[in-house]
Amino acid sequence: MTFKRVTESNMDDVGCFSSEMGRTRGFCLVAPDFLIQSLRDISEFFVSRRLGDKMEEKNMQVADLGCGDTELLRLLKIYPCIQLLVGVDIDEEKLQSNGHHLSPFLGEFVKPRDLDLTVTLYHGSVVERDSRLLGFDLITCIELIEHLDSDHLARFPEVVFGYLSPAMIVISTPNSEFNPLFPIVTLRDADHKFEWNRMEFQTWALQVANRYNYSVEFTGVGKPPAGAEHVGFCTQIGVFWRNSGGAPGPCVSQQHDQHVYKAVYTVSYPSLQQERVLKFELVSEVLLQVERLRLWHLRTLREQKRGAGTVPKEPSVAPSLMLDLFTEAEKARIENSPKPFCEGSRFFVPLQRLLAYPRLHRLPVDEERMRSLLADSVCLSSDGSAVKVDLRNTWDWEPDDY
Amino acid sequence: MSGRARVRARGMARSPGALAGECTQASPSVPRMLMPSDLSDSEASFSGGMEGTSRISQNCDKSVSSGDVGSTFVEKVVKVRRDYVDLGVCTRAKLAHVRDSKTGSSGIPVKLATNLFNLDLPQDWQLYQYHVTYIPDLASRRLRIALLYNHSRLSDHAKAFDGTILFLSQKLEEKVTELSTETQRGETVKMTVTLTRELPSSSPMCIQVFNIIFKKILKKLSMYQIGRNFYKPSEPVEIPQHKLSLWPGFAVSVSHFERKLLFVADVSYKVLRNETVLEFMTDLCYKIGTSCFIQTCEQQLIGLIVLTRYNNKTYRIDDIDWSVKPTCTFQRRDGSEITYVDYYKQQYNITLSDLNQPVLVSLLKSRRNDNTEPKIVHLMPELCFLTGLAGQVTSDFQLMKAVAEEIRLSPLGRQQRLARLVDDIQRNKDARFELETWGLHFGSQMSLTGRVVPSEKILMQDHVCQPMSAADWSKDIRTCKILSVQSLNKWLIVCSNRAENVIDGFLSCLRRVGSSMGFNVGYPKIIKVQENVAAFLRAIQQHVDLDVQLVMCILPSNQNYYDCIKKYLSSDCPVPSQCVLSRTLNKQGMMMSIATKIALQMSCKLGGELWAVEIPLKSLMVAGIDVCKDKFSKQMVVVGFVASLNPRITRWFSRCILQRTTTDIADCLKVFMTGALKEWYKHNHDFPARIIVYRDGVGDGQLKAVIEYEVPQLLSSVAESGSKISSRLSVIVVRKKCLPRFFTEMDRTVQNAPLGTVVDSEATRPEWQVPLENQYDFYLISQAAYRGTVRPTHYNVIYDDNGLKPDHMQRLTFKLCHLYYNWQGLISIPAPCQYAHKLTYLVAQSIHKEPNLELASYLYYL
């Protein structure tokens, strides 16, 4: 992102970006690419920080307060570890009209996620307490606090830090020191109640962090142009971690359910945790693998018939894309599993063999479960240990021999 | 501008001004980045045509005009619209004989249930069209829409807005309304909303708005739009055995039919293959080896529609670039270079596993302007899923059977699905609200009265046969002699050494069935060759001379042999040929029926006439036209023309041409028609008094072009034929894919309407109320569906000098559906259309050039 783009951003650029349509989030003087990128940075930053410690993290819960047009949620949903995504905004109409953007993509029905994901949008205010947001791993407030009047701003830490008390909080707000670089200098958005310089933001953040036993780090997005480095980032960001010694959650008196937010939109994604989806995925993968092995076997037979007696070489041609790229460990696992075999005109692939292939290995099934899931869609050998298919099909492509 | 050129511009006419402020097409190979449109709000998503209206109206008079007859504005809108109906085509007004009534009367009336629903509007319902200007002028359509939608003054109005033109169902108090609003930056923007037109519900413009409303409603029911239809991926029918999911859904449309506004819904399925393009490629490589991998791969993939997982888009594969790898870089919109691998990682958190895969190339047709170069998009095979069924997959019999079992809904099942859709719409709060604010009321399912026309007798050589069932009369005529055929004395059989053993049995069978149908089959010369294409071709080249009447090839497999042999014998060395798979001849127990079928085909190819129906008109020529895209170069279109040569309509003349064009509008009809008339003269020593042309393969929205471009070609060739009394011409557009369905309700169950059912009222094109769309049309059910639901064929008479009564036109059309010699039964379209289809298909799939004219009066393409 060059500075030119930032300063020359005009109504067009802004207009291209839907955030202009609303008022809760105001990167408005910044080109859309830039905003997307900064949101992306934030989500990337979060995930890497988080996953840095625990790679196997599952079931993470993330909320975006003041989610507005839901762009951040749309960016966050690509991370497989997140299983609950919540957006909260005071503009109900906007939530309603943006809800469908969060519904699963068509492709996500074809190739489902590994883990469940639920996305819910709530209509409500960030200074109200709703127990459904308790115990989250991350709460983001992107360009939110500058829209709060002094009364709400005072109550904000109490709710978000004190009551909701997530493991991590990300708060971003405009850096007013950057403003002189813009052609029109007032507040960046008509609805902004204030815009802080770095000192003001950091003072506030440190105070809040101390009070609620969080630690805080500062960063930002939108690098200033050469020669103006001293103004700092266009948008300043505070990243807060709950200190491990601190209170792990809200005290007992607050535990009872408090549902003040109104659910406007909710959607569940198809995932391999759902039996129907898992079964479909498993059967498809099994048949795909069996078909490959069958064709491979036929090829071997053809080559042998031709008399050369040599095992066919792996296709090694122009489209060198071919064949699964196995790691050494995967190769070893496959080699150590029982081999496919032929009996008469039938071709058998042991279930254990199939489970050794990476794409089946990743599915949460063992041999027993696999057998029961396959039972009514795939033909198994009499002892149930292998998949049985005809070695030859009528529609097989028999290459011409010239 | 020619009609053809105009059609090409259809749906693309946008003002150049609208481009300002749009992102540039800097990089030729940018995968779709998260561009504004990805985040677009469906509130503002108009169909293509709506956007096209924007700039036109700016120049138009601001005064209010009522109605739209003769308005250039409407015409322009109509041209750029792409949807089910061809609006603004009014052919019936010119046809005096059907001005008062286009309905027939013969046959037995039958009460029919339909998939049409009444859509009721208040008596005085009107649509108010406003023009909106902004001060300062805003280039961004999205911003304009956002500002208007958020304005409190309009918040409780039902509205549709494309950035310039606003439609409201309620009139604003003032003709000109000034609204003031603020952008997020605090700039004041003045919006001036000016009433331009008040449209009655019969206006074509209203139809567009209604269709937009229903699009919104179906989205509210969590359906996804793919192409024009809406699907529910959350309730898939899964066929894991074949790696397929079927998404149930609907094709819907709102249109004016005779006197009413109707909502049509038909059940539709989207086939999704649970297989990425990369997996497909890998499997293909396993199957066929590497020698002809690239070629086969391109053949099978190009033209298919893929779905990407990381966004909600579908793309057409236009090419495969084998030289680009995921590790190559491309230029992003901001000018920076990035590799595909990094791009997908950054943008979508996707790690590409295969770094050697090629990229798929898709051309994005610009929706903005027709003179911009299409944008090129590169897609990773690993991230694309195949949709639909095509190519090799369709030859998997088991798979097709499994799909058919799921897709083929009985009439009852179909009606139940529709009932559920209607129920869903009426139960959904948002959907109901949407309908109510527009003043629309979703009414009852419509039933109407059709007629079953009398069945036809099949005329054989010395026997008139009244078939038990018109769907298949093969049993009824088994012992009858065909009308005429020359005997087959000098012919060749080319076969591989392996096939030798089946030949004797087959030959004796063929001679037996031949003699019983009056077709004398002599002994052929049998040539045995090695099992490869070159050997077959060499044998044919060596042994075919001028006297050879027919060449039969017993093929070891379908691959290559068929294409090469057909190509050689249809164009280089014109001799009728009959290809048979040796596998077919191995089917013991079916030999008689196989031999019968082959004998019938062979006699047709020799110029034989199999059967006829009674044709009351003397001196009538019927012709069929169809188009087909070439298998290899998608830019080439094969146009086929088949015309009858005798009054009995048993002999056919054919011409075919490959034309380089992107539309399906035929350029060469004059040549074809002149040729057909000359040939007719040769056979009958006179010109035909009447000519009826059935035109198939007309796409949505092309009707106008056919009328303006093809009909004049036909007319001028007729006028210049040199006959004293000019032949009278009728042109009928045949459409197999129409949405309406007709059922009979019997004993509380629903069944397919009987064969020969004609519907020429209520479900047909609108009457007097909508002068712009007044057409002469009817539906005819001429094929039987043993399972599933029969689809009626729609006939639209766009030109008619003959002045036949609708009754006669309908019955003649029905008669022609009996005359396709490749099937001893009724077919869904008139025989000349089916012949033209067969011809173009053969040329597009196998021959790829114009067949030799010496074969023109034989049915060599069967």
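Every residue gets a number counted from 1 within its own chain, in the order that chain's sequence is written. Here the convention is simple: chains get letters from A, ligands get numbers from 1, in the order in which they are written. Whole-chain, interface and lining totals are the exception, using all residues; otherwise, since this is a predicted model, local features are given only for residues with pLDDT of at least 70 and side-chain atom pairs are given and counted only at 80 or more. The side-chain values count all of the structure's non-hydrogen atoms but skip hydrogen atoms and water molecules.

### Structural notes on the overall build of chain A
Note the following rule: The numbering of helices and of strands both runs from the N terminus, where a helix is a DSSP run of H or I of at least 4 residues and a strand a run of E of at least 2. Remark: exposure states derive from per-residue accessible area (1.4 Å probe, protein chains only) relative to the maximum for the residue type, with buried under 20%, exposed over 50%, and partly exposed in between. Should any heavy atoms of two residues lie within 4.5 Å, those residues are considered in contact.
The helix and strand inventory of chain A stands at 13 helices and 11 strands. Relative to its full complement of 402 residues, chain A shows a buried share of 56%. Considering only intrachain contacts with a sequence separation of at least 6, the fraction spanning at least 24 residues in chain A is 73%.

### Notes on the domain arrangement of chain B
Let me state the cut-off plainly: An automatic or database domain assignment supplies the start and end points of every domain.
By domain assignment, chain B separates into domain 1 (126-199), domain 2 (485-606) and domain 3 (620-737 + 800-851). Of note, the centres of domain 1 of chain B and domain 3 of chain B, computed from C-alpha atoms alone, are 50 Å apart.

### Description of the environment of B:Leu448
Residue and element names in this part refer to chain B. Inspection of the secondary structure assignment puts Leu448 in strand β21 (residues 441-452). On the basis of relative accessibility, which here comes to 2%, the residue Leu448 falls in the buried class. Along the sequence, Leu448 and Lys111 sit 337 residues apart, while their C-alpha atoms lie 5.9 Å from each other. Discounting residues that sit within four places of it in the chain, Leu448 has contacts with Val110, Lys111, Leu112, Thr114, Phe742, Val759, Ser761, Glu762 and Ala763.

### A word on the pairing of strand β28 (residues 620-629) of chain B
Residue and element names in this part refer to chain B. So the rule is basically this: Here, strands pair whenever DSSP counts at least two bridges between them.
For β28, the tally of buried residues reaches 9 of 10 residues, placing the bulk of the element in the interior. Relative to strand β29 (residues 636-644), β28 runs antiparallel, the two sharing 7 bridges. Across the sheet, Val627 pairs through a bridge with Val639, a residue of β29. Adjacent in sequence and paired antiparallel, β28 and β29 are bridged by 6 residues.

### Quick word on unusual backbone geometry
All names here are of chain B. With an omega dihedral of -5°, the bond running from Ile135 to Pro136 counts as a cis peptide bond. Positioned with a positive phi, His848 is a non-glycine residue whose angle comes to about 60°. Tracing the backbone through its elements, the reader meets His848 in the segment after α20 (831-847).

### Considerations on the nonpolar core
All names here are of chain B. Filter applied, for reference: Buried Ala, Val, Leu, Ile, Met, Phe, Trp, Tyr and Cys residues that are joined via side-chain atoms within 4.5 Å together make up what is termed a nonpolar core.
Ranked by internal contacts, the top residues of the largest apolar core, which has 89 residues, are Trp491, Met552 and Tyr835. The element best represented in this core is α20, accounting for 9 residues. Residues from two domains meet in this core; each of domain 2 (485-606) and domain 3 (620-737 + 800-851) gives at least three. Residues contacting Trp491, with those up to four places away along its chain left out, are Leu507, Leu510, Val521, Gly522, Tyr523, Pro524, Lys525, Val548, Leu550, Met552 and Met602. By size, the runner-up hydrophobic cluster in this structure holds 48 residues, among which are Phe230, Phe250, Val252 and Leu440.

### A few points about the packing of helix α9 (residues 275-305) of chain A against helix α6 (residues 277-288) of chain B
Between two packed helices, what matters for the description is the angle formed by their axes and the separation of those axes. The line we're drawing: Lines are fitted to the C-alpha atoms to define the axes, a helix being fitted only along its stretch in contact, and any angle between axes, read from their N-to-C directions, falls within 0 to 180 degrees. Roughly parallel means an angle under 35 degrees; roughly antiparallel means over 145; roughly perpendicular covers 65 to 115; every other angle is labelled oblique. With the far helix as reference, a near helix turned anticlockwise by less than a right angle produces a left-handed crossing, and one turned clockwise produces a right-handed crossing. Residues are grouped as follows: nonpolar covers Ala, Val, Leu, Ile, Met, Phe, Trp, Tyr, Cys and Pro; charged covers Asp, Glu, Lys and Arg; every other residue, Gly included, is treated as polar.
Two elements in contact, α9(A) and α6(B), have axes whose closest approach is 9 Å; the angle formed by their N-to-C orientations is 20°. Classed by the angle they form, the pair α9(A) and α6(B) counts as roughly parallel. α6(B) is crossed by α9(A), and the crossing has left-handed handedness. On α6(B), the residues touching A:Leu288, A:Glu291, A:Arg292, A:Leu295, A:Trp296, A:Arg299 and A:Arg302 of α9(A) are B:Glu279, B:Thr282, B:Asp283, B:Cys285, B:Tyr286 and B:Lys287. Taken together, the residues of the contact of α9(A) with α6(B) break down into 5 nonpolar, 1 polar and 7 charged.

### Some details on the sheet that holds strand β15 (residues 319-321) of chain B
Residue and element names in this part refer to chain B. An order of β15-β18-β19 is seen for the 3 strands of this open sheet, with the pairing classed as antiparallel. Of all the strands in the sheet, just β15 and β19 (375-379) have a single pairing partner and so form its edges. Pairwise comparison of adjacent strand axes, ignoring direction, gives a mean angle of 35° for this sheet. The sheet contact formed by strand β18 (residues 359-364) and β19 spans 5 bridges and is antiparallel. By the bridge assignment, Val361 is partnered in β19 with His378.

### Observations regarding helix α14 (residues 561-572) of chain B
Residues and elements named next belong to chain B. Filter applied, for reference: To estimate how far a helix should reach, multiply one less than its number of residues by 1.5 Å.
Here α14 spans 16 Å end to end across 12 residues, near enough to the 16 Å set by a 1.5 Å rise per residue. Of all the residues in α14, the buried ones are Tyr561, Ile565, Lys566, Tyr568, Leu569, Ser570 and Ser571. Buried positions along α14 lie against α13 (533-543), β26 (550-555), β27 (577-581), α16 (591-605) and α20.

### Some details on the packing of helix α17 (residues 669-684) of chain B against helix α18 (residues 703-719) of chain B
All names here are of chain B. Where α17 contacts α18, the two axes come as close as 8 Å, and the packing angle between them is 35°. Here the hand of the crossing between α17 and α18 comes out right-handed. Across from Leu669, Lys670, Met673, Thr674 and Leu677 in α17, the residues of α18 making contact are Glu710, Gln713, Leu714, Ser716, Ser717 and Val718. Looking at the contact of α17 with α18 residue by residue, the classes come out as 5 nonpolar, 4 polar and 2 charged.

### Section: the confidence of the model for chain B
Here is the rule: Summary of the metric used: pLDDT quantifies the predictor's per-residue confidence within the range 0 to 100.
Within chain B, residue pLDDT values average 81, and 87% of them lie at 70 or more. In the predicted assembly, ipTM is 0.76 and pTM is 0.78.

### Side note on the sheet that holds strand β2 (residues 82-89) of chain A
Residue and element names in this part refer to chain A. If you trace the 8 strands from one edge of the open sheet to the other, you get β6-β7-β5-β4-β1-β2-β3-β8, paired in mixed fashion. Only two strands of the sheet have a single partner each, and these edge strands are β6 (214-221) and β8 (262-268). Taken over all neighbouring pairs, the strand axes of this sheet differ in orientation by 15° on average, direction set aside. The pairing of strand β3 (residues 118-123) with β8 spans 6 bridges and is classified as antiparallel. Looking at β8, one finds that His123 is bridged to Lys262. On the sheet, helix α7 (residues 150-164) packs against β1 (60-65), β4 (138-142), β5 (168-174), β6 and β7 (235-242) and is oriented at approximately 160° with respect to β5. On top of the sheet, helix α8 (residues 198-211) reaches β5, β6 and β7; it is set at about 155° to β6, its chief contact.

### Remarks on the environment of B:Thr596
Residues and elements named next belong to chain B. Tracing the sequence through the fold places Thr596 in helix α16. Here Thr596 falls in the partly exposed class, since its relative accessible area comes to 23%. For the pair Thr596 and His378, spaced 218 residues apart in the sequence, the C-alpha separation amounts to 52 Å. Beyond its immediate chain neighbours, meaning those up to four positions away, Thr596 contacts Val513 and Met517.

### Looking at the pattern of salt bridges
All names here are of chain A. In plain terms, the rule: The salt bridge criterion pairs a side-chain nitrogen of Lys or Arg with a carboxyl oxygen of Asp or Glu, the two atoms within 4 Å.
Counting across every chain of the model gives 46 salt bridges over all chains. A salt bridge links Asp114 to Arg362; its shortest N-O distance comes to 3.2 Å. Of this pair, Asp114 sits in the loop between α6 (106-110) and β3 while Arg362 sits in the loop between α12 (358-361) and α13 (367-374); the two residues are 248 residues apart in sequence, bridging distant segments of the chain. The partly exposed category is assigned to Arg362, whose relative accessible area is 39%.

### A short note on the confidence of the model for chain A
Low-pLDDT stretches of the model should not have their predicted coordinates read in fine detail. Residue and element names in this part refer to chain A. In this model, chain A carries an average pLDDT of 77, and 75% of its residues clear a pLDDT of 70 or more. Long-range and interchain partners of residues 1-33, a stretch whose pLDDT sits below 50, account for 100 contacts in this model, where long-range means more than four residues apart. pLDDT under 50 marks residues 309-322. Its contacts with residues more than four places away, or in other chains, come to 32 contacts.

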